[in-house]
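Structural overview
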There are 2 protein chains.
Amino acid sequence: MNTFKVLEIKESVFADNNRQADLLRESLKKEKLFLLNLMSSPGAGKTTTLTRTIAALKDKLRIGVMEADIDSDVDAKTIASTGVKVIQLHTGGMCHLDADMTKQGLEGLGAEGLDLAILENVGNLVCPAEFDTGAIKNAMILSVPEGDDKPLKYPLMFEVCDVLLVNKIDAMAMFDFDMEACVARARKINPNIKVMPISAKTGEGMDAWTDWLYNAVTGFQKENG
Amino acid sequence: MNTFKVLEIKESVFADNNRQADLLRESLKKEKLFLLNLMSSPGAGKTTTLTRTIAALKDKLRIGVMEADIDSDVDAKTIASTGVKVIQLHTGGMCHLDADMTKQGLEGLGAEGLDLAILENVGNLVCPAEFDTGAIKNAMILSVPEGDDKPLKYPLMFEVCDVLLVNKIDAMAMFDFDMEACVARARKINPNIKVMPISAKTGEGMDAWTDWLYNAVTGFQKENG
């Protein structure tokens, strides 16, 4: 198994996170490094989705992953087994990452030479939505068991994301989840959000997502080439 | 249908939340009003669990509910249909309630004369764990689809709770969830945590929970009688 570092993230000293995020984004463009910020509730399936995403793209892109959690290193262990570069970030109780914390993570990971760095943010639909990490794109996972009303309750998260992955569609029959209502609620907040139903468990729908991500990364690299 | 108020909660001005929480708890004891703080991830089933809890206890206890959310009033609508007193609290983006915000909620609800007030906290396993609301007991719901590793990742939440309800056990066959491992992880953090597997959907296991809650409320009232 691959080994990985555990980094205790320091609280940021910068008052203006938006400024730090813009600076980080500028440097990512120079390095042609695409940073994806992946957010969700606890247990929506971020790590399983990432494992499949890596399997689909690791022969085409050089990928690194930052696993952010309050505690534990279970997710970094899982990702390490895919063979890509990974670091576990401990937030010391903090409920989100901001741009400076993300920068600490990229430095800890050793992101130079990568095409795609993925930040698996803390499982939380509230705080991570409020802090621009400097990512090129934001994606979120909503899982079917959580219910189709989540855009009503956590609107900012749906507003800041470019992509909404609706995960665990293999369990759809077990839960009262109205996909059409969910998408309509998300689009009312964010008309441009790209919605892709997936099952990270069975693989259903994953091609659409990994195609989108591959095209986003290579398009970004051309734009900044 | 019952009507309800929507209260926009104000951010607290008190620096010392623990002091405010102790003061609130003292006044709850004087009023013999049992306050339960119910926490979970988004979509773990707090509102459905409450609906069943109210159905089981509303002829024996005078119950009021505070529904806290960033936005929307869908949960208050659901609870209002049970016939108990309910108020929707909007946190204005805030990721948790503290003791002063809870006090605002109790005042808005009009809690005098109630035996049991239940605060449905913001769906979030991180921030609500950090703020004592002044509640007499804390309970959390972890749902089976979220996975058995959550005590490892969100230890403080498991540490501060008196009761862990493991919900959606009717969906157990669909998910890789090791109940024994989950309970062992929770107990390692909090040896006294009371664990009750439930399905708020089918009603399985709900009697154990509502019995516990009824005994907790009446025991508390005797102690402070």
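As shown above, the structure is provided for reference.
These notes cover the structure that comes with them. (Residues numbered from 1 in each chain as written. Chains lettered and ligands numbered in written order. Predicted model: local features only at pLDDT ≥ 70, side-chain atom pairs only at ≥ 80, totals over all residues. Heavy atoms only, no water.)

Moving on, we get to the pattern of salt bridges. All names here are of chain B. Applying the stated criterion across every chain yields a total of 18 salt bridges over all chains. For Glu 26, the salt bridge is made with Lys 29, and the minimal N-O distance between the two is 3.8 Å. Of the two residues, Glu 26 and Lys 29 are both situated in helix 1 (residues 17-31); the distance of 3 residues between them amounts to about one turn of the helix. The exposure class assigned to Lys 29 is partly exposed, which follows from its relative accessible area of 30%. (Salt bridge = Lys/Arg side-chain N within 4 Å of Asp/Glu carboxyl O. Helix = DSSP H or I, 4+ residues; strand = E, 2+ residues; numbered from the N terminus. Buried < 20%, exposed > 50% of the residue type's maximum accessible area, 1.4 Å probe, protein only.)

Let us now look at the relation of the copies chain A and chain B. When chain A is fitted to chain B, the residual RMSD is 0.0 Å, and the transformation amounts to a turn of 180 degrees plus an axial shift of 0.0 Å. Classification of the inter-copy transformation places it as that of a two-fold axis. Of all interface residues in chain A, 100% are interface residues in chain B too; the two copies therefore contact each other through one and the same surface. (Least-squares fit on C-alpha atoms with pLDDT ≥ 70 in both. Contact = heavy atoms within 4.5 Å.)

With that settled, the discussion passes to the nonpolar core. Trp209(A) and Trp209(B) are the most contacted members of the largest nonpolar core, which totals 152 residues. If near-sequence neighbours (up to four positions away) are discounted, Trp209(B) is found in contact with Leu36(B), Thr49(B), Thr53(B), Ala139(B), Val163(B), Leu165(B) and Met196(B). (Core = buried A, V, L, I, M, F, W, Y, C linked by side-chain atoms within 4.5 Å.)

Next up on the list: helix 4 (residues 99-109) of chain A. Residues and elements named next belong to chain A. Across the 11 residues of helix 4, 9 count as buried, placing the element largely inside the fold. Residues of helix 4 that are buried: Ala 99, Asp 100, Met 101, Thr 102, Gln 104, Gly 105, Leu 106, Gly 108 and Leu 109. Between the side-chain oxygen at the start of helix 4 and the backbone nitrogen of Asp 100 there is a gap of 3.2 Å, and the oxygen is on Asp 98. Following helix 4 by one or two positions, Gly 110 has its phi on the positive side, about 75 degrees. (Polar contact = N/O pair within 3.5 Å; in protein donor to acceptor, adjacent residues only side chain to side chain.)

All names here are of chain B. With parallel pairing, 8 strands are arranged side by side in an open sheet as 1-4-3-5-2-6-7-8. This sheet does not close on itself; its edge strands, each paired only once, are strand 1 (5-8) and strand 8 (194-197). Strand-to-strand twist across the sheet, computed as the mean angle between neighbouring axes with direction ignored, equals 20 degrees. Judged from the 5 bridges that link them, strand 2 (residues 34-40) and strand 5 (residues 116-120) form a sheet pairing that is parallel. Each residue of the ladder has a partner; that of Leu 35, found in strand 5, is Ala 117. Relative to the sheet, helix 2 (residues 46-57) contacts strand 2, strand 3 (63-69), strand 5, strand 6 (137-143) and strand 7 (163-167), its axis offset from that of strand 3 by approximately 175 degrees. Each of strand 6, strand 7 and strand 8 touches helix 7 (residues 179-189); the most contacted strand, strand 8, lies at about 155 degrees to it. (Pairing = 2+ DSSP bridges. Axes fitted to C-alpha atoms, helices over the stretch in contact; angles between N-to-C directions.)

Note: most residues except glycine have negative phi, and most peptide bonds are trans. Residues and elements named next belong to chain A. Even without being glycine, Lys 32 reaches a positive phi, approximately 50 degrees. Inspection of the secondary structure assignment puts Lys 32 in the loop between helix 1 (17-31) and strand 2 (34-40). On the basis of relative accessibility, which here comes to 35%, the residue Lys 32 falls in the partly exposed class. Phi at Lys 168 takes a positive value of approximately 65 degrees, unusual for a residue other than glycine. Mapped onto the fold, Lys 168 is located in the loop between strand 7 (163-167) and helix 7 (179-189).

Right, let's get into the sheet that holds strand 4 (residues 85-90) of chain A. Residue and element names in this part refer to chain A. Strands sit in the order 1-4-3-5-2-6-7-8 across an open sheet of 8 strands; the sheet is parallel. If you trace the sheet from one side to the other, it starts and ends with strand 1 (5-8) and strand 8 (194-197), each paired once. If you compare each strand with its neighbour and ignore which way they point, the axes differ by 20 degrees on average.

Turning our eyes to something else, we now look at the packing of aromatic side chains. Residues and elements named next belong to chain A. Scanning the entire structure with this criterion turns up 5 aromatic pairs over all chains. Between Phe 34 and Phe 220, the ring centres sit 5.5 Å apart and the planes meet at 85 degrees, which makes this aromatic pair edge-to-face. Of this pair, Phe 34 sits in strand 2 while Phe 220 sits in helix 8 (residues 206-223), and the two are 186 residues apart along the sequence. Residue classification places Phe 34 among the buried positions, given a relative accessible area of 1%. (Phe/Tyr/Trp six-rings, centres within 6.5 Å; stacked < 30°, edge-to-face > 60°.)

With that settled, the discussion passes to the side chain of His96(B). Inspection of the secondary structure puts His96(B) in the loop between strand 4 (85-90) and helix 4 (99-109). In this structure, His96(B) is in contact with Thr91(B), Met101(B), Asn121(B), Val122(B), Cys127(B), Pro128(B) and Phe131(B), ignoring residues within four places of it in sequence.

With that out of the way, let us pick up the environment of Ala68(B). Residues and elements named next belong to chain B. Mapped onto the secondary structure, Ala 68 falls in strand 3. Residue Ala 68 is classed as buried on the basis of its relative accessible area of 1%. In this structure, the C-alpha to C-alpha distance between Ala 68 and Ile 9, residues 59 residues apart in sequence, is 9.3 Å. When neighbours within four sequence positions are excluded, Ala 68 is seen to be in contact with Gln 88, Leu 89, Leu 97, Leu 119, Glu 120, Asn 121 and Val 122.

With that out of the way, let us pick up the pairing of strand 3 of chain B. Residue and element names in this part refer to chain B. Counted residue by residue, strand 3 has 7 buried out of 7 residues, so it is predominantly covered. Because side chains alternate across strand 3, one face comprises the buried residues Ile 63, Val 65, Glu 67 and Asp 69, and the other comprises Gly 64, Met 66 and Ala 68, equally buried. Across 5 bridges, strand 3 lies against strand 5 in parallel orientation. In the sheet register, Glu 67 faces strand 5, and the bridge partner there is Glu 120.

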